[in-house]
Structure formats: structure tokens, C-alpha cells
Amino acid sequence: MVLREYMARMDGQDPEKALELLEPGFRFLIALPGGQHSGTSRADFADYIAGRNAADRRHEIVRYTVDGDVETAYGFVVDQGVTTGAFLSAVQVSPAGLMARYQSFFTPDFDLVDRP
């Protein structure tokens, strides 16, 4: 389950390790309240990681599902011990078990399920 591993790496000490889980032609869209980030390559995603301000951030997954080559996760983002909002993310997994496409939405204004 590559999406769980991806989030663990993004939350770790070296988020660039997440790049190892991406296909070279990886495509992504990350929608945040301040705007969206998108790209069409592993290099584009490396640029996104370099611009993140994610000190002491973790993604707490509370729902997870797999349907064929698509994995979906729902949960909460916790920054420095404070829950800042909810995310809904999905990934298309390549035959090699890597992330081919990724789409993620984050909002501080609405929770699909109650926060723990």
C-alpha cells in the first residue's frame, strides 16, 4: 500500500525519500486553501517538497481503502501537535507498485468524519 508509505515518508525526517515511490512521469494535484500545486514529473514533485514548510507535521489516516489500482486515504493533518484540518487523498498505483498519479485536497473548514 504505497499511499500509506508515501505519507509516512513525507512526515519523516527526510521527505525527499518519498520521491523513491514515484514513477518518473508522476502527475499530481494538491489543492490547499491558498492555492493548488500540480506537476507532471518526479522533478516537479521534488520542487514542491523543497517549497513545503512542514516542520513537525504528520498525517493521521482514519479511513483507508484500496480498489484495484486506486488507494484512497482520509484523515487529519497535525502540525506541532495541533490538528489543522482534514485531507482526502487518492493515488493511482502503477503495475510496478509506484505512484503514477496523486490527487489530494486539504481543508481546515470541514471534517467528513469526526476528529479523534
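Please refer to the structure placed before this passage.
Right, let's walk through the structure included here. (Residues numbered from 1 in each chain as written. Predicted model: local features only at pLDDT ≥ 70, side-chain atom pairs only at ≥ 80, totals over all residues. Heavy atoms only, no water.)

For the rest of this paragraph, the subject is the environment of S41. Relative to the helices and strands, S41 resides in the loop between β2 (35–39) and α2 (42–51). A C-alpha to C-alpha distance of 8.0 Å links S41 and E23, two positions 18 residues apart in sequence. Those residues in contact with S41 that sit more than four places away from it in its chain are P24, G25, F26 and F28. In terms of polar contacts, S41 uses its side chain to reach the backbone amide nitrogen of D44, at 3.0 Å. (Helix = DSSP H or I, 4+ residues; strand = E, 2+ residues; numbered from the N terminus. Contact = heavy atoms within 4.5 Å. Polar contact = N/O pair within 3.5 Å; in protein donor to acceptor, adjacent residues only side chain to side chain.)

Another point: the pairing of strand β4 (residues 70–79). The buried fraction of β4 is high, at 8 of 10 residues. Pairing between strand β3 (residues 57–67) and β4: 10 bridges, direction antiparallel. Across the sheet, the residue bridging to H59 is V77, located in β4. The loop that links β3 with its antiparallel partner β4 comprises 2 residues; one of these, G68, has a positive phi angle of about 65 degrees. Of the pairings in the sheet, the one linking β4 to strand β5 (residues 82–93) comprises 10 bridges and is antiparallel in character. Residue F76 lies in a different strand from β5, and its bridge partner there is A86. Taking the residues that link successive antiparallel strands as the turn, the β4-β5 hairpin has 2 residues, and the phi of Q80 there is positive, at about 50 degrees. (Buried < 20%, exposed > 50% of the residue type's maximum accessible area, 1.4 Å probe, protein only. Pairing = 2+ DSSP bridges.)

So, about α2. Among the residues making up α2, those that are buried are F45, Y48 and I49. Summarising the axial view, the buried residues of α2 lie within an arc of 100 degrees, below the 170-degree limit, and thus occupy one face. Turned more than 90 degrees off the buried face of α2, the exposed positions are D47, A50 and G51. Against α1 (2–11), β1 (22–32) and β2 lie the buried residues of α2. (Arc of directions from axis to C-beta.)

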